[in-house]
Amino acid sequence: MSESMKTTIDATPEVAQNAPVNPRRRVYRPNAKYIPILATLVLLLAMYVGGLANLAHFDDPRVVVNLFRDNAVLLVVAIGMTFVILTGGIDLSVGAVISLTTTLTATLLQGGWPPLLVLPLVLVLGALLGSGMGAVIQYFKVEPFIATLAGLFLARGLALYINQESIPIRDKLWVTLSDLRIPLFDGVKTTLIAVVALVVVLIAAAVLAWTRFGRNVYAIGGSADSALLMGLPVARTRVLVYTISGFCAALGGVLFTINSTSGHALQGAGTELDAIAACVIGGVLLTGGSGYVFGTLLGVMVFGLISTIINFQGDLNSAWTRIVVGILLFGFIVLQRLVTRRAR
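Residues numbered from 1 in each chain as written. Predicted model: local features only at pLDDT ≥ 70, side-chain atom pairs only at ≥ 80, totals over all residues. Heavy atoms only, no water.

Engineer: Can you break down the overall build of the protein residue by residue, with the values?
Structural biologist: Summing up its helical and strand segments, the protein has 15 helices and four strands in all. Sorting the 344 residues of the protein into buried and exposed places 46% on the buried side. For the protein, long-range pairs separated by at least 24 residues make up 78% of all intrachain contacts whose partners lie at least 6 apart in sequence. Total accessible area on the protein stands at roughly 18100 Å², and carbon and sulfur atoms take up 64% of it. (Helix = DSSP H or I, 4+ residues; strand = E, 2+ residues; numbered from the N terminus. Buried < 20%, exposed > 50% of the residue type's maximum accessible area, 1.4 Å probe, protein only. Contact = heavy atoms within 4.5 Å. Areas by Shrake-Rupley, 256 points an atom, 1.4 Å probe, with all protein chains shown as cover.)

Engineer: Outline the packing of helix α6 (residues 115-139) against helix α7 (residues 144-162), supporting the account with residue identities and numerical values.
Structural biologist: In contact at an axis separation of 9 Å, α6 and α7 are set at 150° when each is read in the N-to-C sense. Of the possible angle classes, the one that applies to α6 and α7 is roughly antiparallel. Where α6 crosses over α7, the handedness of that crossing is right-handed. Here α6 contributes Leu129, Met133, Val136 and Ile137 to the contact with α7, which in turn contributes Pro144, Ala147, Thr148, Gly151 and Leu154. (Axes fitted to C-alpha atoms, helices over the stretch in contact; angles between N-to-C directions. Parallel < 35°, antiparallel > 145°, perpendicular 65-115°, else oblique. Left-handed = near helix turned anticlockwise from the far one by under 90°.)

Engineer: Tell me about the pairing of strand β3 (residues 188-191), and name the residues and values.
Structural biologist: Bridge count for strand β2 (residues 181-185) against β3 is four bridges, and the pairing is antiparallel. Each bridged residue has a counterpart across the sheet, and for Arg181 the counterpart in β3 is Thr191. Where β2 folds back onto β3 in an antiparallel hairpin, the turn is made up of two residues, including Asp186, whose phi is positive at roughly 45°. (Pairing = 2+ DSSP bridges.)

Engineer: Describe in detail the side chain of Thr308, supporting the description with residues and values.
Structural biologist: Tracing the sequence through the fold places Thr308 in helix α14 (residues 293-313). Assessed through its relative accessible area of 15%, Thr308 is described here as buried. For Thr308, the contacting residues outside a window of four places in its chain are Phe58, Val63 and Leu67.

Engineer: How would you summarise the UniProt feature "transmembrane region" (unreviewed entry) in the protein if you had to cite specific residues and measurements?
Structural biologist: Per the UniProt annotation, the sites labelled "transmembrane region" (unreviewed entry) are residues 34-53, 73-104, 116-139, 145-162, 191-210, 239-258 and 319-339. Along residues 116-139 one finds 100% helix and 0% strand; the C-alpha atoms at either end are 35 Å apart. Structurally, residues 191-210 is divided into 95% helix and 5% strand, and its ends, taken at the C-alpha atoms, are 29 Å apart. (UniProt positions renumbered as here; feature names shortened; annotations may be inferred.)

Engineer: Which residues make up helix α3 (residues 61-70), and what are the values?
Structural biologist: Among the residues making up α3, those that are buried are Val63, Val65 and Leu67. Structurally, α3 contributes buried residues whose contacts are with β2, β3 and α14.

Engineer: Go over the nonpolar core, please, and point to the residues and values.
Structural biologist: In terms of nonpolar packing, the biggest core is built from 86 residues, with Ile79 and Phe83 touching the most fellow members. Ignoring any residue separated from it by four or fewer positions in sequence, one finds Phe83 in contact with Ala204, Val207, Leu208, Phe213, Val217, Val241 and Ile244. (Core = buried A, V, L, I, M, F, W, Y, C linked by side-chain atoms within 4.5 Å.)

Engineer: So what's going on with the packing of aromatic side chains? Which residues, and what values?
Structural biologist: Using the criterion set out here, one finds four aromatic pairs in the structure. Residues Tyr34 and Tyr292 carry aromatic rings whose centres are separated by 5.9 Å and whose planes lie at 15° to one another, so their mutual orientation is stacked. On the criterion of sequence distance, the pair formed by Tyr34 in the loop between α1 (3-18) and α2 (35-54) and Tyr292 in the loop between α13 (271-281) and α14 is long-range, its members being 258 residues apart. Since its relative accessible area comes to 25%, Tyr292 is described here as partly exposed. Aromatic ring contacts, followed pair by pair, group Tyr48, Phe58 and Phe312 into a single cluster. (Phe/Tyr/Trp six-rings, centres within 6.5 Å; stacked < 30°, edge-to-face > 60°.)

Engineer: Quick one: what's the story with the pattern of salt bridges, residue by residue and with numbers?
Structural biologist: Taken as a whole and assessed by the stated rule, the structure comprises three salt bridges. Residue Arg322 is joined to Asp274 by a salt bridge in which the shortest nitrogen-to-oxygen separation is 2.5 Å. Taken together, the residues Arg322 in helix α15 (residues 319-343) and Asp274 in helix α13 connect sequence positions 48 residues apart. Residue classification places Asp274 among the buried positions, given a relative accessible area of 13%. (Salt bridge = Lys/Arg side-chain N within 4 Å of Asp/Glu carboxyl O.)

Engineer: Could you give an account of a nonpolar patch on the surface, naming the residues involved and the relevant values?
Structural biologist: A surface patch of nonpolar side chains, about 350 Å² in accessible area, is lined by Tyr34, Leu38, Leu41 and Leu45. Looking at the element boundaries, Leu41 is found in helix α2. Leu41 sits in the partly exposed class, given a relative accessible area of 35%. (Patch = residues over 30% accessible without salt bridge, like charges linked within 9 Å, V, L, I, M, F, W, Y side chains within 5 Å.)

Engineer: Could you give an account of the side chain of Thr102, with specific residues and numbers?
Structural biologist: Its place among the elements puts Thr102 in helix α5 (residues 94-110). A distance of 2.9 Å separates the side chain of Thr102 from the backbone oxygen of Ser99, its partner in a polar contact. Here His264 takes part through its backbone oxygen, which lies 3.2 Å from a polar atom of the side chain of Thr102. (Polar contact = N/O pair within 3.5 Å; in protein donor to acceptor, adjacent residues only side chain to side chain.)

Printed below as a string of structure tokens:
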């Protein structure tokens, strides 16, 4: 290499350091990870404003309140799914866990079991199923899709074995909780299951934002190998996120029994797909490491608002809900891909 070339190379860092900064480049650019959730928020607001402009009585406050009531079960299940997807996993068993929980709860209550014993029993059962699948995924290196698919068949089979018919619940406490209405304002009331769902959202958001466990979840989703090299408890965290997902699915099943005062082995079918769709529409990255609980909340609200608008229209088939969700899902998957490319 010539002497003049060496001089030019050696001088380059100093020149770059002393070069004047172009003020035009000092433009605020939002972090790419916020783009999907902002897109979901804009979409939700646009849908609501469109409903206000075109549908009679859409401005009734009960429309918004009922969104939380009607989608409380999906919201709780989707929160558990958020933890799993943030680590780069998936849980296909949640719908079957709902069916097992509703069937077992209704059967035990019908058999005279005390409700204060039935409630923790079914919640612990859901958590144990989740932790079992998490352990298989972590320690036997089984793909989450396969392990949770096995969990789906197991939970659904147990539900069908217990009872294949719809089981009414006549327990006084359950009926009281089902009939309970919580006043909000101006005669507008909501149900207990909606309040429970919102409490779950707040707890989950706090856990992910302000605890070491939450930071570990994001780190594993970013790169499990790097997290392991950093000394993070990858195995324990991964098992725990599936435990949380199983617990949330069981809680969703309990909320369903409170809402309908019945249990059925076919309840919850397809809920796992709705939960995954809500997470993706809410900006949770399928490859893990990026996403927020409040994004999942927005995704569930988009899901519910589509159904509400179709119901208000009256002349549209309910199948349009699935069609619109499918289109949105494609759109947000493409958006995630574009965002991840830009982040690189």
